[in-house]
Structures are given as C-alpha cells and as structure tokens.
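# Breakdown of the fold
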Amino acid sequence: MTRAEDIKKHIEKEKQDGKYHKQIRIEENATGYSYEKLFQEYLTEIVSEVWVEDPYIRHVHQLYNFLRFCEMLVKGPCKVKTIHLLTSYDEGSGRNQQTSGLEEIKQSLRNYGVTLNVSFSSSIHDREIRFNNGWMIKIGRGLDYFKKPEGRFSIGYCDFDLRPCHETTVDVFHTKHTKKM
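Residues numbered from 1 in each chain as written. Predicted model: local features only at pLDDT ≥ 70, side-chain atom pairs only at ≥ 80, totals over all residues. Heavy atoms only, no water.

The protein chain appears in an unreviewed UniProt entry as MIT domain-containing protein 1 isoform X2 from Aythya fuligula.

### Structural notes on the pattern of salt bridges
Under the defined criterion, the tally for this structure stands at 10 salt bridges. When the shortest N-O distance is used, the salt bridge between Glu 27 and Arg 25 registers 4.0 Å. Classification of Arg 25 by relative accessible area gives partly exposed; the value is 45%. Among the salt bridges present, the one from Glu 167 reaches Arg 25, with a minimum N-O distance of 2.4 Å. On the criterion of sequence distance, the pair formed by Glu 167 in the loop between β6 (135-139) and β7 (168-174) and Arg 25 in strand β1 (residues 22-26) is long-range, its members being 142 residues apart. Residue classification places Glu 167 among the partly exposed residues on the basis of a relative accessible area of 34%. Linked through salt bridges whose partners overlap, the residues forming this network are Glu 53, Glu 128, Arg 130 and Lys 138. (Salt bridge = Lys/Arg side-chain N within 4 Å of Asp/Glu carboxyl O. Buried < 20%, exposed > 50% of the residue type's maximum accessible area, 1.4 Å probe, protein only. Helix = DSSP H or I, 4+ residues; strand = E, 2+ residues; numbered from the N terminus.)

### Some thoughts on unusual backbone geometry
The residue after Gly 76, namely Pro 77, is reached through a cis peptide bond having omega 15 degrees. Not every positive phi belongs to a glycine, and Asn 29 is a case in point at roughly 70 degrees. With respect to the helices, strands and loops of the structure, Asn 29 is situated in the loop between β1 and α2 (35-39). Judged by its relative accessible area of 46%, Asn 29 is partly exposed.

So this is what it looks like as structure tokens:
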C-alpha cells in the first residue's frame, strides 16, 4: 500500500510541476470514453474559461457532440463562464444549419450564465481543448471520436460511455511546460 501511495504522490507532484504527460489510446470500437470520463479530472472548481479548437463542428452530429461537451461543463464541478470555439465553416449546403445550430447553443448557454464566443478559420487543422487551469487536451479526432449509433433506439445512443469509439489518441499536457512559438 505504501508503494501505491508513493506513486500517487509522485504523479500528483508531476501534475503540480506541469511535467505530467498522459496519453490515452482509444481502440477501435472501445467503449467507456465519454467526455466526462476523459475530462472530469481536469475540470477543477477554478476552471472558468475553456478554449475549443476543432475544425469539424459543422454537421448535426458534430454540433450535438459540442453541445454534450458544453453540457458537461455546465454540470460542473467547474464554474465555466466563457467558452471560446474556433472551428471552420461548412463549405457545403450545411452552413446555415451550422450557424443556426451554434447560435442556438449560444442562446442556451446564456441561460446558464455562460458566454459562447464562436470564431471561424479556413486554415485550422489541429484539435485542442484548453482550460484556464493550465490543462491542455489534444484528441486526434477532436470531439468527433464516437461512432454513429446502430439505430435511434440502440444502447449508446444517449449514453456516450456505452457508445463505440473510432480509434484515436488523447494527449494531456499542462501548459506550464509547453513552448509558445
């Protein structure tokens, strides 16, 4: 038991020093990787601002993914007041749906005292989520790592812990030890 406690203390010190890097490999068809499971340990009470950079918040299912992520933030334990989203425009016929969906999410968040700032970039490629407590999470597929459910009434449709995932890698860093160029 002492060894386990020592390891836990060492990991906590690494986190505090900002030297901690955690990599999670999500296998194809794996389950148990909801947003809550991935992000909860980094959402401390001091988190009040979140930056999401994801070029693929365009289609309906991607808008729902972003909405579910926002719902997780609203539920706490953090006290999020501002969410910044940087994404790209849908280049096809879905642009009106994209902008109206994001506007609806913005209005809904406002009812919870949260401001959503949306910006668009035609050159964005990388996906990154940052919290103002210094944690930065990079997911290879962004928020869109869940597979399409088998049907509207199948297990995993509502509960993302039960939804199969696409294969991807999640990297967690603390910005104290990342270089700005």
